[in-house]
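Chains, contacts and geometry: an overview
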Amino acid sequence: MAKVIMVQGTMSNSGKSFLVAGLCRMFKRMGFKVAPFKSQNMALNSFITKDGLEMGRAQVMQAEAAKVAPDACMNPILLKPTSNTGSQVILNGKVYANMSASDYYANKKSFIPYVMDAYKKLDSEYDIIVIEGAGSPAEINLNENDIVNMGLAKLVDSPVLLVADIDRGGVFASVFGTVALLDNESQKRIKGIVINKFRGDKTLLTPGFDMLKDHFAKIGVKIPVVGVIPMTKIDIDDEDSLSSRLDTASTEFSKDKINIAVIRLPHISNFTDFNPLERRSEIVLKYITSPNEMADADLVILPGSKNTLYDLRWLKDKGFNRNNLINKNLIGICGGFQMLGNNLTDEVGVEEGGSETGLQLLNFSTVFAKKKTTRQTKTKIMNLPDFIDNLSDTAITGYEIHMGSTIDADEKYFTISDISENGGFVNKNILGTYMHGIFENDRFVDCLISGLIKKTGKKISLNDNITDFESYKDSQYELLADLVEESLDIERIMNILNIEK
């Protein structure tokens, strides 16, 4: 039976995913076999496991930190919003249904057996399970049917660390208010407070701990502050659209760099695809929402979408069209790839039904189907656009997540694969592909950068000293574990787990 500890937050984006990943790597370095777990995740960033199952990217990142293979059991319920009031429900890695928020809430408790089966599998295989909550445990209007915060903590009898974001201000109010709104049993489960994203002089902060202790005493609670994590830039995948990565309005393109514009669709999915590009010194990456912003872009990327037809209409309304895209170096990924075609048809209501004329930049059409394609892909490049250098026989890996199939294709294949009949298409300066994760292939990115350097004529040197992406990610997890060990009272954490350090 595994030891268990849970990280909950006073609000979304307080640092739960970050802290869970740090604890996973820290425990791994101590010699424990560790697994992350999040019973219910709402995010449009997802991943496909080796066995073709879909799960949230945050738990994949945490599994990488723990140096274990991602397993859909680590995230048994994934909610992928398709609108403001509905989501596609992924259960145990497979599509279960499209449900409105009210329908899902009403049926939440029926998912408990699936959550517990997934948890029990991990419980039998690992030494420590680090659980991540969602949002805040103090959503008092939702707590009756909770299966992701205190409701889950009670089911698995887990102690809780409560993490709060001080950078937004009001940290003591958010901590005290969260605790005060909980029932007595839940209050007792919280064994420590973690202050995250701190800047400045810590001596100005610590007097507040005694004041917080006094306020806790008034409601009969004793919860210590077990650590203060300073604001630190560590490059790990983000969970959702609250990520600061997407806030690049002030970013300026440079004549001395390769400028890449990613169109920020309303339902952008898997923006983690582009994280590997941010670490390259030769690149400036900017998320844009209007055609004017792509004037100086050397490459424009249309990303994936969870509501492709809606986002295609948004794209047109914003002024993105065939005329201002046809001469751009352009990559479309997944839903963005489908938008590049002639027509998109959703007769079976996979998204919101209906049809829409595409951007007509590649000669194919898309028909949506209820069956979802979820698979990892390894392929070799067959044809390339004119802005990517020759990759020869270099294999690239990625994964596919889509509910549409390509028909009436009349373009050169981008890839040739033993399992993917239409990995993508090429037309001179345009590349479209279903493959996510292509920028995690270092050789592909090198050839993309060198090809754009040649085509634009910019006087830029390719950085030959770049660390391979896997090693780079691992170094970031090591930095994160160092930060957690330096910032938290580890002896107290181990005591909470009832483990001798």
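What you are looking at is a predicted structure, and each value in this text was computed from that prediction instead of being measured.

Grouped together as the largest cluster of nonpolar side chains are 88 residues, with contacts concentrated most on Leu23 and Phe27. In terms of residues, this core owes the most to one element, helix H1 (residues 16-29), which gives 8 residues. Those residues in contact with leucine 23 that lie beyond four places of it in its chain are Val7, Val130, Leu161, Val484 and Leu488. Counting 66 residues, the second-largest nonpolar core is a separate cluster that includes Leu265, Val284, Leu302 and Phe444.

With that settled, the discussion passes to the side chain of serine 46. Mapping serine 46 onto the fold places it in strand S4 (residues 46-48). Its relative accessible area of 0% is what places serine 46 among the buried residues. Within the structure, the side chain of serine 46 is placed 3.1 Å from the side chain of lysine 80, a separation counted as a polar contact. Excluding anything up to four places from it in sequence, serine 46 contacts Glu54, Met55, Gly56, Arg57, Leu78, Lys80, Asn270, Tyr399 and Ile401.

Bringing the sheet that holds strand S13 (residues 258-263) into the picture now. Here 7 strands make up an open sheet; going across it, the order is S15-S13-S16-S18-S26-S25-S23 and the pairing mixed. The sheet terminates laterally at strand S15 (283-288) and strand S23 (412-413), the two strands that pair on one side only. Strand direction decides the pairing type here: strand S18 (residues 330-333) and strand S26 (residues 430-433), joined by 4 bridges, are parallel. Among the inter-strand pairings, isoleucine 333 is bridged to a residue of S26, identified as threonine 433. Seen against the sheet, helix H13 (residues 442-456) touches S13, S15, strand S16 (299-302) and S18 and runs at an angle of roughly 110 degrees to S13.

Here we come to the sheet that holds strand S8 (residues 94-100). Working definition: the strands of a sheet are paired by backbone hydrogen bonds and lie parallel or antiparallel to each other. Taken together, the 4 strands give an open sheet; going across it, the order is S3-S6-S7-S8, and neighbouring strands pair in mixed fashion. For this open sheet the edge positions go to strand S3 (40-42) and S8, each flanked by a neighbour on one side alone. The mean angle between the axes of side-by-side strands here comes to 25 degrees, regardless of whether they run parallel or antiparallel. Bridge count between strand S7 (residues 86-91) and S8: 6 bridges; the pairing is antiparallel. Pairing of valine 89 across the sheet is with alanine 97, part of S8.

Glancing now at the environment of asparagine 259. Within the secondary structure, asparagine 259 is located in strand S13. A sequence separation of 27 residues divides asparagine 259 from lysine 286, and the C-alpha atoms of the two residues are 7.8 Å apart. Those residues in contact with asparagine 259 that lie beyond four places of it in its chain are Phe253, Ser254, Val284, Asp296, Ala297, Asp298, Leu299 and Lys458. A distance of 2.9 Å separates a polar atom in the side chain of asparagine 259 from the backbone oxygen of serine 254.

In terms of domains, the protein is made up of domain 1 (3-236 + 474-497) and domain 2 (257-459). For domain 1 and domain 2, the distance between their C-alpha centres works out to 33 Å. Contact residues are listed per partner, giving 19 residues for domain 1 and 19 residues for domain 2. Buried surface at the junction of domain 1 and domain 2, summed over both partners, amounts to about 1,600 Å²; 46% is from carbon and sulfur atoms. It is Leu44, Asn45 and Ile48 that lose the most area in domain 1 upon contact with domain 2, and together they represent 31% of the buried surface on that side. Counting every contact that joins domain 1 to domain 2 gives 2 salt bridges. Of the charged contacts in the structure, one is a salt bridge between arginine 57 and glutamate 440, with a shortest N-O distance of 3.5 Å. On the surface where domain 1 and domain 2 come into contact, there are 11 residue pairs in polar contact (both at pLDDT 80 or more). Looking at the side of domain 1 that touches domain 2 residue by residue, the classes come out as 6 nonpolar, 8 polar and 5 charged.

Moving on: the pattern of salt bridges. Tallying each qualifying case throughout the model produces 31 salt bridges. Across the pair aspartate 165 and lysine 197 runs a salt bridge, and its minimum N-O distance is 3.3 Å. With aspartate 165 in strand S10 (residues 160-165) and lysine 197 in strand S11 (residues 190-198), this residue pair connects regions lying 32 residues apart in the sequence. With respect to burial, aspartate 165 and lysine 197 carry one shared label: buried. The partner of aspartate 442 in a salt bridge is arginine 279, with the nearest N and O atoms 3.0 Å apart. Here arginine 279 lies in the loop between helix H9 (275-278) and S15 and aspartate 442 lies in helix H13, a separation of 163 residues in the sequence. Within this structure, Arg25, Arg29, Asp474, Glu478, Asp482 and Glu485 form a network of salt bridges that share partners.

Any pair of aromatic rings gets described here by the distance separating the centres and the angle formed by the planes. The tally for this structure, following the rule as stated, stands at 12 aromatic pairs. An aromatic cluster is present here, built from Phe337, Phe364, Phe425 and Tyr434 joined pairwise through their rings. Its guanidinium or amino end placed over the ring of tyrosine 126, lysine 33 lies 4.9 Å from that ring's centre, counting from NZ or CZ. Stacked on the ring of tyrosine 472, the Lys or Arg arginine 279 has its end atom at 4.8 Å from the ring centre.

Conventions used here
Residues numbered from 1 in each chain as written. Predicted model: local features only at pLDDT ≥ 70, side-chain atom pairs only at ≥ 80, totals over all residues. Heavy atoms only, no water. Core = buried A, V, L, I, M, F, W, Y, C linked by side-chain atoms within 4.5 Å. Buried < 20%, exposed > 50% of the residue type's maximum accessible area, 1.4 Å probe, protein only. Helix = DSSP H or I, 4+ residues; strand = E, 2+ residues; numbered from the N terminus. Contact = heavy atoms within 4.5 Å. Polar contact = N/O pair within 3.5 Å; in protein donor to acceptor, adjacent residues only side chain to side chain. Pairing = 2+ DSSP bridges. Axes fitted to C-alpha atoms, helices over the stretch in contact; angles between N-to-C directions. Domains from an automatic or database assignment. Buried area = accessible area lost by both parts, 1.4 Å probe. Salt bridge = Lys/Arg side-chain N within 4 Å of Asp/Glu carboxyl O. Nonpolar A, V, L, I, M, F, W, Y, C, P; charged D, E, K, R; others polar. Phe/Tyr/Trp six-rings, centres within 6.5 Å; stacked < 30°, edge-to-face > 60°. Lys NZ or Arg CZ within 6 Å of the ring centre and 35° of its normal.

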